[in-house]
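Analysis of the macromolecular model
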Amino acid sequence: IISTRGMLEPWALQHKRLQKTAMWSLYQKQILHFAHTLHATSETEATNLRRLGLTQPIAVIPNAVDMPFKPDITTDKPQGKERTLLFMSRLHPKKGLLTLVKAAQHVDLSDWKIIIAGPDEDRHAAEVKATIQKAGLQHLFSFIGPVDDNKKWAIYRQADLFVLPSFSENFGIVVAEALAAGIPVITTKGCPWRDLEIHNCGWWVDIGVEPLVQALRRAISLSTTERYQMGQNGTKLIREKYSWDSAAEKMSTVYQWMLKQGPKPDCII
């Protein structure tokens, strides 16, 4: 069984395409075809694996996420109190940070600050900071660098809204973490998170500046109490669908089926 972990998503394959095409032809395609079963974390990832000509069974099992605490903010912050919009992920071109900066130019974020947390990759942070400076938005953005697990959950807890304007994600674990922390999420349809709309815990928008602008305007127009309720919806979703017990049970049934010790599980396509 091979878990592809988003490495075969269309955006990922196009990034440094010549190098990856060579590796695919030399050995990766053969290794993947040899696998008995593939593991995808979403139906979207499974569909993209099929488009590469991989025909064996695929187990669709989402990632699991911790439930570190119960959110307890239930009332509006005092008038004039600054709100926090959080981005937490790798600082990489795929994550759409430049889209966020461009969108921020068209939204009244006078009562907000934007926290950018995560490690820099390929010196992308310098490009983002240059774009922020050119737009005159230095007062709005703060970069806090990589954070460990303990600090991560504290930062989630202090946020009012989470954004991941990514071009491509096979799952998007930070989306699940933000929901677990009780924060409404804005992300793109490059991420497999239709659940945001189904369960009223965020906004699932097209990729691009204008869709992000519209989502940001809707999100910041809500009261803290309304955003809190959306966050509660998200916490319930994670608890019921993305728990470690659920993921482990599904993976166990896949192993049993592969060893001919149990029936074909429902998660196999």
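Notes on the structure in this doc start here. (Residues numbered from 1 in each chain as written. Predicted model: local features only at pLDDT ≥ 70, side-chain atom pairs only at ≥ 80, totals over all residues. Heavy atoms only, no water.)

1. Some words on the state of the cysteines
As a reminder, the rule being used: In what follows, a disulfide is any cysteine sulfur pair within 2.5 Å.
This model, assessed by the stated rule, comprises zero disulfides. Not engaged in a disulfide, the cysteine C201 finds its nearest cysteine sulfur in C191; these two sulfurs lie 14 Å apart.

2. Examining the packing of aromatic side chains
Keep this limit in mind: Only Phe, Tyr and Trp rings take part, Trp by its six-membered ring, and two of them pair if their centres are within 6.5 Å. Stacked means planes under 30 degrees apart, edge-to-face means over 60, and tilted covers everything else. Secondary structure elements follow DSSP: runs of H or I of four or more residues count as helices, runs of E of two or more count as strands, with numbering from the N terminus. Each residue's exposure class comes from its accessible area (1.4 Å probe, protein chains only) as a fraction of the maximum for that residue type: buried when under 20%, exposed when over 50%, partly exposed otherwise.
Using the criterion set out here, one finds five aromatic pairs in the structure. Their ring planes at 45° and their centres at 5.2 Å tell us that W153 and Y156 sit as a pair that is tilted. One end of the pair, W153, and the other, Y156, are both in helix α6 (residues 149-158), three residues apart, so they sit about a helical turn from each other. Of the residues examined, W153 reaches a relative accessible area of 11% and is grouped as buried. Three or more aromatic residues joined by ring pairs form one cluster here, namely W153, Y156 and F162.

3. Considering the sheet that holds strand β1 (residues 2-3)
The strands that make up a sheet are held in pairs by hydrogen bonds between backbone atoms, and each pair lies either parallel or antiparallel. Put simply, the test is: Strands are treated as partners if at least two bridges between them are detected by DSSP. Contact between two residues is taken to exist if any of their heavy atoms lie within 4.5 Å; hydrogens are not considered. Axes here refer to lines fitted to C-alpha atoms; in helices the fit is confined to the stretch in contact. Angles between the N-to-C directions go from 0 to 180 degrees.
Read from one edge of the open sheet, three strands run β1-β2-β3, paired in parallel fashion. Edge positions in the sheet fall to β1 and β3 (58-60), since each of these pairs with one other strand and no more. Relative to β3, strand β2 (residues 38-40) runs parallel, the two being bridged by three bridges. Opposite A40, over in β3, you have V60 as the bridge partner. The strands that helix α3 (residues 43-51) touches are β2 and β3; relative to β3, the one it contacts most, it runs at about 165°.

4. Structural notes on the pairing of strand β7 (residues 161-164)
As a reminder of what qualifies: Handedness rule for crossovers: strands pointing away from the viewer, path from the first strand over the helix to the second running clockwise, crossover right-handed.
Taking every second residue as pointing to the same face, both faces of β7 are buried, with L161 and V163 on one and F162 and L164 on the other. As paired strands, strand β4 (residues 83-88) and β7 are joined by two bridges and run parallel to one another. In the sheet register, L86 faces β7, and the bridge partner there is F162. In the sheet, β7 pairs with strand β8 (residues 185-188) via three bridges, with the strands oriented parallel. Looking at β8, one finds that L164 is bridged to T187. Once you follow β7 into helix α7 (residues 173-180) and on to β8, the crossover reads as right-handed.

5. Quick notes on the sheet that holds β4
Taken in spatial order, the six strands of this open sheet run β6-β5-β4-β7-β8-β9, and their pairing is parallel. The open sheet has two edge strands, β6 (141-145) and β9 (202-205), and neither has a second partner. Geometrically, the sheet is characterised by an average inter-axis angle of 20° between neighbouring strands, direction not taken into account. Pairing of β4 with strand β5 (residues 112-117) involves six bridges; the strand directions are parallel. Within β5, the position partnered with L86 by the bridge is I115.

6. Digging into a nonpolar patch on the surface
Put simply, the test is: Each patch is built from residues that are more than 30% exposed by relative accessible area and take part in no salt bridge. Like charges join if they lie within 9 Å; nonpolar side chains (Val, Leu, Ile, Met, Phe, Trp, Tyr) join within 5 Å. What sets the accessible areas is the Shrake-Rupley method with a 1.4 Å probe; for residues, cover comes only from the shown protein chains. Salt bridges are defined as contacts in which a side-chain nitrogen from Lys or Arg sits within 4 Å of a carboxyl oxygen from Asp or Glu.
Together, L26, Y27 and I31 make up an exposed nonpolar region whose accessible area comes to about 320 Å². Positionally, I31 belongs in helix α2 (residues 17-34).

7. Description of the pattern of salt bridges
Evaluation of the coordinates by the stated rule reveals six salt bridges. A salt bridge links D206 to K189; its shortest N-O distance comes to 3.6 Å. Highlighted residues: D206 in the loop between β9 and α9 (209-221) and K189 in the loop between β8 and α8 (195-198), separated in sequence by 17 residues. The network of salt bridges with common partners includes D149, K152 and E177.

8. Thoughts on the environment of I238
With respect to the secondary-structure elements, I238 resides in helix α10 (residues 224-241). A C-alpha to C-alpha distance of 13 Å links I238 and I198, two positions 40 residues apart in sequence. Once residues within four sequence positions are removed from consideration, I238 is found in contact with V65, M67, A176, L179, A180, W193 and S243.

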